[in-house]
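Coordinates in review
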Amino acid sequence: MTTPMPGGVAMGPFVASSAFMRPRDQRDRFPATRTFPGAADWPGEGERRTTRLSPDDVGDWHHMFTLGVRVPDLFRRVEWGKEGAYRLWLLEMSGRSWATADHEKGRTEYEVVESGPRRLWTEAEAVMSWWREQGEPRFDRYGLTVAPQGWGHLPAGSWGRVWLDHPDNPVPVRVP
């Protein structure tokens, strides 16, 4: 349910998973994985390390929703391997940074490779830590306030802000 307010502002809670079909011009903006520096010859010169954050722990709808709100220029792709193994790619819209995390059943540590000026898996770890600190919120704790003028602290073209539990508690966003 949306609450209209003066000046064309509206607000209300999310009631379920939220995803939208992207218009064609938005779909075309997602760079192919192989176009990222070093990605075609993975791991290239990427920095390797291990993590305890499983790629499975960032793949559910509520995790991806939270990642999308906190890091709006991030998108993901999955490369499937054998017997349920997969490589999760985190990529940023500029086409300069990427990270992978390899998942295999039964593991408790996962290999990560990060490349480019940003450390995207490190950003995902921070978001998931924030999410746990907030009590692992599901969709019903998030809400959205939209304004026709947008919000000055968000990237150009942003028209709304997501909040947690109350409109006066905006979810922090990484501004690229």
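These remarks concern the structure in this document. Keep in mind it's a predicted model, so treat the numbers as computed, not measured.

Re the sheet that holds strand 5 (residues 86-92)
Taken in spatial order, the 5 strands of this open sheet run 3-7-6-5-4, and their pairing is antiparallel. This sheet does not close on itself; its edge strands, each paired only once, are strand 3 (47-51) and strand 4 (74-80). Along the sheet, successive strands turn relative to each other by an average axial angle of 20 degrees, direction set aside. With 7 bridges connecting them, strand 4 and strand 5 associate as antiparallel partners. What sits directly across from L74, in strand 5, is E92.

Comments concerning unusual backbone geometry
With omega at 0 degrees, the peptide bond leading from W42 into P43 counts as cis. Summarising the element assignment, P43 is placed in the loop between helix 1 (24-27) and strand 3. The residue E136 is not glycine, and still its phi comes out positive at about 55 degrees. Within the secondary structure layout, E136 lies in the loop between helix 3 (120-133) and strand 8 (142-146). Using a relative accessible area of 39% as the deciding quantity, one classes E136 as partly exposed. Positive phi, normally seen in glycine, also occurs at D165, with a value near 70 degrees. The topology assignment puts D165 in the segment after strand 9 (160-164). On the basis of relative accessible area, D165 is assigned to the partly exposed category, the value being 46%.

Brief notes about the environment of A101
Locating A101 in the fold gives a position in strand 6 (residues 98-103). Sequence-distant contacts of A101, defined by excluding residues within four places in its chain, comprise P55, Y86, R87, L88, E111, V112 and W121.

Here we look at the packing of helix 2 (residues 61-70) against helix 3
Close contact between helix 2 and helix 3 brings their axes to 10 Å; oriented N to C, the two are set at 115 degrees. As the angle between them shows, helix 2 and helix 3 are arranged roughly perpendicular. When the axes of helix 2 and helix 3 are compared, the crossing they make is right-handed. When helix 2 is examined against helix 3, the residues H62, H63, T66, L67 and R70 are found in contact with a partner set consisting of A124, V127, M128, W130 and W131. In terms of residue class, the contact of helix 2 with helix 3 is built from 6 nonpolar, 3 polar and 1 charged.

What counts and how
Residues numbered from 1 in each chain as written. Predicted model: local features only at pLDDT ≥ 70, side-chain atom pairs only at ≥ 80, totals over all residues. Heavy atoms only, no water. Pairing = 2+ DSSP bridges. Helix = DSSP H or I, 4+ residues; strand = E, 2+ residues; numbered from the N terminus. Axes fitted to C-alpha atoms, helices over the stretch in contact; angles between N-to-C directions. Buried < 20%, exposed > 50% of the residue type's maximum accessible area, 1.4 Å probe, protein only. Contact = heavy atoms within 4.5 Å. Parallel < 35°, antiparallel > 145°, perpendicular 65-115°, else oblique. Left-handed = near helix turned anticlockwise from the far one by under 90°. Nonpolar A, V, L, I, M, F, W, Y, C, P; charged D, E, K, R; others polar.

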